[in-house]
Amino acid sequence: MADPLIDLIGNIYDAVTDQTLWPWVLGKLTELFGGGGATVSIYDLAGQRIIEHASAGLSDEGMKDYLNGLFSQDPRLAWALAHPAVATYFDRLHTSEAEMDRNDFYAWLGRHGFRYSIARQEFHDGAHVSDADIALFDRVAPHVIRAAFMARRLGGLDLSRSSGEDAFEHVEIGVVFLDADGRPLHANRAARDIVSADDGLSIGHDRVTAARQVDDEALQCAVAEAIAASRGGITSPDVGEVLSLARPSGKRPLAVRITPVTRRRPIFADHPPGAILFVRDPEIIPSPPRALLKRAYKLTPRECDVALALAGGKTLEQTAKHYGLARATVRVHLRSLLHKTGTHSQAAVVRLLTAMGPGQD
């Protein structure tokens, strides 16, 4: 026969990795106690504010009121902060029925259908919590607290990961992560753009593939060696193979480097990365977005035209012809570019522009 307490503890830890489950889990906790609602909060002692919370049973409007400052009037919270050694607290530890009747905060609770509580567990009008409730709560509460902090830590890691992925998407060189079996896990925008041209490198479900057979054999060998080095704990940044992949279009070959993952791999991980493939298309010259140039250097629209043309590899003559300008006019814009960017030559301004990285307007 299933034990509802064991099931609930399992649900609590499910919410660690899927934080959308918290309201449902708190609802189950409410049912276990026969209560009306439950809230779990993380309180910042230094800032004297609630920094994380999840709830069930209390209306969105009520929770908003509480988070926007009403918590500072909560006598339960004040008592708990003054008695940090008390693991479980409840109303009758710090107040009486008469005091509850006179207290504005308890009046607010009453308007939302609550009166009595144990720790952060709210109950509908009825009676103070029983000794059995307290004993049961002592069994469950440590798991809720531990799960909340675990979820917060994982949430921070997820935020770091998503921020890293956002930066990863804007890197001008193509990057493809491969798992321990050589299967592609993720490719950034630059890699996807190169692959979309179908000219020298492709990414399938099970592997990355070079267009020419001899190149593909070398590529698969390099991937296998990088994965083996990763499994063996090789941490030298010099480990890895550099390849040149021929292109059916006849354009200059793609430059590819495959390296092992040098960070320690987690013990428990779904498809841990085993190798990283870097790819660059020598035909692509990165240039910054027009809006960034205008904001950074206060360039005029025509100065932006000239700057992007030069960054894209055009000569002064080609730029003049492209925009229907006199060569002397383009030189005037170039002098203005040098002045505004603090550079002293056409080559220097091009280096500056390409170093700003690619972007989209």
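Scroll up a little and you will see the structure.
Quick summary incoming for the structure in this document. (Residues numbered from 1 in each chain as written. Predicted model: local features only at pLDDT ≥ 70, side-chain atom pairs only at ≥ 80, totals over all residues. Heavy atoms only, no water.)

Describing the overall build of the protein chain
Looking only at helices and strands, one finds 15 helices and 11 strands in the protein chain. Taking contacts inside the protein chain between residues at least 6 apart in sequence as the whole, the part at least 24 apart equals 53%. Counting every atom, the protein chain has about 20,200 Å² of accessible surface; 54% of that belongs to carbon and sulfur. (Helix = DSSP H or I, 4+ residues; strand = E, 2+ residues; numbered from the N terminus. Contact = heavy atoms within 4.5 Å. Areas by Shrake-Rupley, 256 points an atom, 1.4 Å probe, with all protein chains shown as cover.)

Some remarks on the pattern of salt bridges
Applying the stated criterion to the full structure yields 16 salt bridges. Measuring nitrogen to oxygen at the nearest pair gives 2.4 Å for the salt bridge that ties Arg207 to Asp216. A relative accessible area of 12% means that Asp216 is categorised as buried. The closest approach of N and O atoms between Arg212 and Asp215, which form a salt bridge, is 3.0 Å. Exposure remark for Asp215: the relative accessible area of 8% places this residue in the buried category. Salt bridges here are not isolated pairs; linked through shared partners, they connect Glu97, Asp101 and Arg115. (Salt bridge = Lys/Arg side-chain N within 4 Å of Asp/Glu carboxyl O. Buried < 20%, exposed > 50% of the residue type's maximum accessible area, 1.4 Å probe, protein only.)

Observations concerning the sheet that holds strand 11 (residues 273-280)
With respect to topology, 5 strands assemble into an open sheet ordered 6-5-11-10-9, the strand pairing being antiparallel. Two strands in the sheet have a free side with no partner beyond their single neighbour: strand 6 (184-187) and strand 9 (241-245). The mean angle between the axes of side-by-side strands here comes to 20°, regardless of whether they run parallel or antiparallel. With 5 bridges joining them, strand 9 and strand 10 (residues 254-260) adopt antiparallel strand pairing. Within strand 10, the position partnered with Leu243 by the bridge is Val256. Across the sheet, helix 9 (residues 189-196) touches strand 5 (174-179), strand 6, strand 10 and strand 11, and the angle it forms with strand 5 is around 95°. Sitting on the sheet, helix 10 (residues 213-231) touches strand 5, strand 9, strand 10 and strand 11, and the angle it makes with strand 10 is about 25°. (Pairing = 2+ DSSP bridges. Axes fitted to C-alpha atoms, helices over the stretch in contact; angles between N-to-C directions.)

Quick notes on the side chain of Ser55
Mapped onto the elements, Ser55 comes out in strand 2 (residues 49-56). For Ser55, a relative accessible area of 18% translates into the label buried.

Here's the deal with the side chain of Glu169
Here Glu169 shows up in helix 8 (residues 131-169). Taking relative accessible area as the criterion, Glu169 reaches 18% and is therefore assigned buried. Sequence-distant contacts of Glu169, defined by excluding residues within four places in its chain, comprise His186, Ala187, Asn188, Arg189 and Arg192.

Some remarks on the packing of helix 12 (residues 301-311) against helix 14 (residues 327-341)
Interaxial distance between helix 12 and helix 14 falls to 9 Å at its minimum, and their mutual angle equals 90°. Considering their axes alone, helix 12 and helix 14 lie roughly perpendicular with respect to each other. Residues Arg302, Glu303, Val306, Ala307 and Leu310 of helix 12 form the contact with helix 14, whose participating residues are Val330, His333, Leu334, Ser336, Leu337 and Lys340. Residue composition of the contact of helix 12 with helix 14, by class: 6 nonpolar, 2 polar and 3 charged. (Parallel < 35°, antiparallel > 145°, perpendicular 65-115°, else oblique. Nonpolar A, V, L, I, M, F, W, Y, C, P; charged D, E, K, R; others polar.)

With respect to the nonpolar core
With 25 residues, the main nonpolar core has Ile12, Trp22, Leu26, Leu29, Val40, Val140 and Val144 as its most contacted residues. At 8 residues, helix 8 tops the list of elements feeding residues into this core. When residues no more than four places from it in sequence are discounted, the contact partners of Leu26 are Ala38, Thr39, Val40, Ala54, Ser55 and Ala56. Counting 22 residues, the second-largest nonpolar core is a separate cluster that includes Val176, Leu219, Val223 and Leu243. (Core = buried A, V, L, I, M, F, W, Y, C linked by side-chain atoms within 4.5 Å.)

Focus on unusual backbone geometry
Phi at Asp198 is positive, roughly 50°, even though this residue is not glycine. Relative to the assigned elements, Asp198 resides in the loop between helix 9 and strand 7 (201-203). Positive phi is not limited to glycine here, since Lys298 has a value of about 55°. Residue position: Lys298 is located in the loop between helix 11 (290-297) and helix 12.

Describing the environment of Trp108
Of note, Trp108 is situated in helix 7 (residues 104-111). Considering only alpha carbons, one finds Trp108 and Gly62, 46 residues apart in sequence, at a separation of 9.0 Å. Each residue touching Trp108, except ones within four places of it in the same chain, is listed here: Leu58, Gly62, Asp65, Tyr66 and Leu70.

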